[in-house]
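Here's the letter readout for the chains.
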Amino acid sequence: MKGGNFMKRALIKQMIYEWRINVWLILEMAVIALAIWAMLSVTWIESKGILEPRGFSPEGVYSIEVRTLNVNSPDYNKEYEAYYYQDRDELMQRLKDNPNVEYVSLHNNTLPYNFNFMGNLMKIEGEPDSVEYYANCRKAQPDIIKILNIKSTTGKTQKELMAMLARGEVLLSPNKIYEEKFGDVKELIGKKISFYDVETPARVGDIVENIRRTDYEPRNEGMVLYPYDSNKPSWGNIALKVKPGKEKAFEEDFKTDRSMTRLRNLFLTDLQRLTDLGEVVNTPQKIDNRLRVGISAFLLITIFLGLLGSFWFRVQQRISEIAIRKTFGATDKDLFRRVIGEGLLLLLVGIFLTSACVWPFIGKIVEITGEEWYAFLAVEAATAGLMAVGVILSLWYPAYRAMKIEPAIAVKEE
């Protein structure tokens, strides 16, 4: 009787011991899942823009700055100040006359890789209240359509888009925030709009792809492209596109032909390829992404090693049980599936616990990040998949070793 009571107490202790191990494993997996989920979510939010259309083509495009001589320069002449806009237009024409150049445009903050200001409240003529339309505000002459290869989302040709800018119409891009609150942005075509920081209302000509500021920036904001009125005094730089394969020839002309880059007080300088500007702007984001991927990989390896140690100990504690099951006819495949299945079941409970902690706040997370809720669901599924692979790999070798131990030896050692 006393022996029976002792056996019962031993069995209860073993069950309590395994229960504690299982709870700690579940908590460990829940914390790990939360860390991986967060890391993958940040990486996705910061990197997903690379998969979206940029709204422009940087190949063969150059940026040129228009500057004036300093008053202390020996070549400076105060009388030439009155010719600023006339001289600027003349230098533009000289660029157009270069045999290596296709298109030239004056612009103000229009080229990508430039963190320009954003519009906020948009007023629609005929409607009493303003609406939210966050936008990167840009100004350019019609040739910018060809220079950046801007495309319509409604089927208009580039020639038609250029004609719209020439008529003084503006081009808008899709805007996620606006469309969520007020409807399809295409309904603005034909209406007159103005922003709080732009005085003159202008008619919306068409909806075009957004010129994003970087290759990684998600398209949460929009863009408004205003016509550049060269008849009005306004600051601006030059964007141009060279003919295919003529980049080096144009750069040589720009460097050696003084008549193309200098006129009275004005001179053109800081010639830069748009692809080079993009590399400078995108490099910090690339480094950040690589760092996050490296941290994620390190985290996954660390997790794998931690799970390997935990599951190795767990399987070793159950060798006698495995031996007894084999004695009663269980095959290695049956036992292997059982061990792997128990590990995956613990993972499932851990993932459920993580979900219970995160999903009540998903609305706030969506609001802050601007992402859709199903993006986080997909990231959670990816997290679960990665961890499942880690659990299987962690259990495979200790389970394989346990299967190779002869039942009689295992029971005797136990």
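Now for a quick tour of the structure. Everything numeric in this text was worked out from a predicted model, so none of it was measured.

Okay, the packing of aromatic side chains next. Across all of its chains, the model carries 9 aromatic pairs by this definition. Here the aromatic rings of Tyr133 and Tyr178 are separated by 5.9 Å at their centres, their planes lie at 65°, and the arrangement is edge-to-face. With a gap of 45 residues between them, Tyr133 in strand β4 (residues 131-140) and Tyr178 in helix α5 (residues 176-182) connect regions that are remote in the sequence. As far as burial versus exposure is concerned, Tyr133 and Tyr178 are alike and both buried. Each ring, one from Phe250 and one from Phe254, has its centre 6.1 Å from the other, and the planes form 45°; the classification is tilted. Taken as a pair, Phe250 and Phe254 lie in helix α6 (residues 247-256) at a separation of 4 residues, close to a single helical turn.

Take Thr354: it is sitting in helix α10 (residues 332-358). Not counting residues within four places of it along the chain, the set of residues in contact with Thr354 comprises Ala30, Ala33, Leu34 and Trp37.

The next point concerns the pattern of salt bridges. One pass over the structure, following the stated rule, counts 12 salt bridges. In this structure, the salt-bridge partner of Arg273 is Glu251, at a minimum N-O distance of 2.7 Å. With Arg273 in strand β11 (residues 266-273) and Glu251 in helix α6, the pair connects residues that are 22 residues apart, well separated along the chain. Exposure remark for Arg273: the relative accessible area of 27% places this residue in the partly exposed category.

Looking now at unusual backbone geometry. You will see that Arg264, though not glycine, has its phi angle at about 50°, which is positive. Here Arg264 lies in the loop between β10 (262-263) and β11. The exposure class of Arg264 is partly exposed, given its relative accessible area of 29%. The phi angle at Asp270 is positive, at roughly 55°, despite the residue not being glycine. Inspection of the secondary structure puts Asp270 in strand β11.

The subject of this paragraph is the side chain of Ser105. If you trace the backbone, Ser105 turns up in strand β2 (residues 101-108). Only 3.2 Å separates the side chain of Ser105 from the backbone nitrogen of Gln141, close enough to count as a polar contact. When neighbours within four sequence positions are excluded, Ser105 is seen to be in contact with Met92, Ala140, Gln141, Asp143, Ile144, Ile147, Asn237, Ile238 and Ala239.

Right, let's talk about the pairing of strand β1 (residues 61-68) for a bit. Two strands pair when backbone bridges link them, and β1 and strand β9 (residues 237-242) are joined in this way by 4 bridges, in the antiparallel orientation. Following the sheet pairing, Val61 is matched in β9 by Lys241. Bridge count for β1 against β11 is 6 bridges, and the pairing is antiparallel. Of the residues in β11, the one forming a bridge with Thr68 is Leu266.

Once that is clear, we can look at the environment of Trp373. Checked against the element boundaries, Trp373 lands in helix α12 (residues 373-404). By relative accessible area, which is 46% here, Trp373 ends up partly exposed. When the C-alpha positions of Trp373 and Gly363 are compared, they lie 7.7 Å apart, and in sequence the two are 10 residues distant. Dropping the residues within four chain positions of it, Trp373 is found in contact with Trp359 and Val366.

Conventions used here
Within each chain, residues carry numbers counting from 1 in the order of the written sequence. Local features in this predicted model are restricted to residues whose pLDDT is 70 or higher, and side-chain atom pairs enter the listing and the counts only when it is 80 or higher, whereas totals over whole chains, interfaces and linings include all residues. Hydrogens and water molecules were not included; the side-chain quantities draw on all heavy atoms of the structure. The aromatic pairing rule takes the rings of Phe, Tyr and Trp, using the six-membered ring of Trp, and pairs them if the centres are within 6.5 Å, calling planes under 30 degrees apart stacked, those over 60 edge-to-face and the rest tilted. Here a strand is any run of E in DSSP of at least two residues, a helix any run of H or I of at least four, and the numbering for each starts at the N terminus. Summary of the burial criterion: residues with accessible area below 20% of their type's maximum are buried, those above 50% are exposed, and those between are partly exposed, where the area comes from a 1.4 Å probe applied to protein chains only. Residue contacts follow a heavy-atom distance rule, with two residues in contact if any of their heavy atoms lie within 4.5 Å. Any carboxyl oxygen of Asp or Glu that lies within 4 Å of a side-chain nitrogen of Lys or Arg is treated as forming a salt bridge with it. Pairs of N or O atoms within 3.5 Å make up the polar contacts considered here, provided that, within protein, one atom can donate a hydrogen while the other can accept it, and that residues adjacent in sequence are counted only when both atoms are side-chain atoms. Only strands that DSSP links by at least two bridges are regarded as paired with each other.

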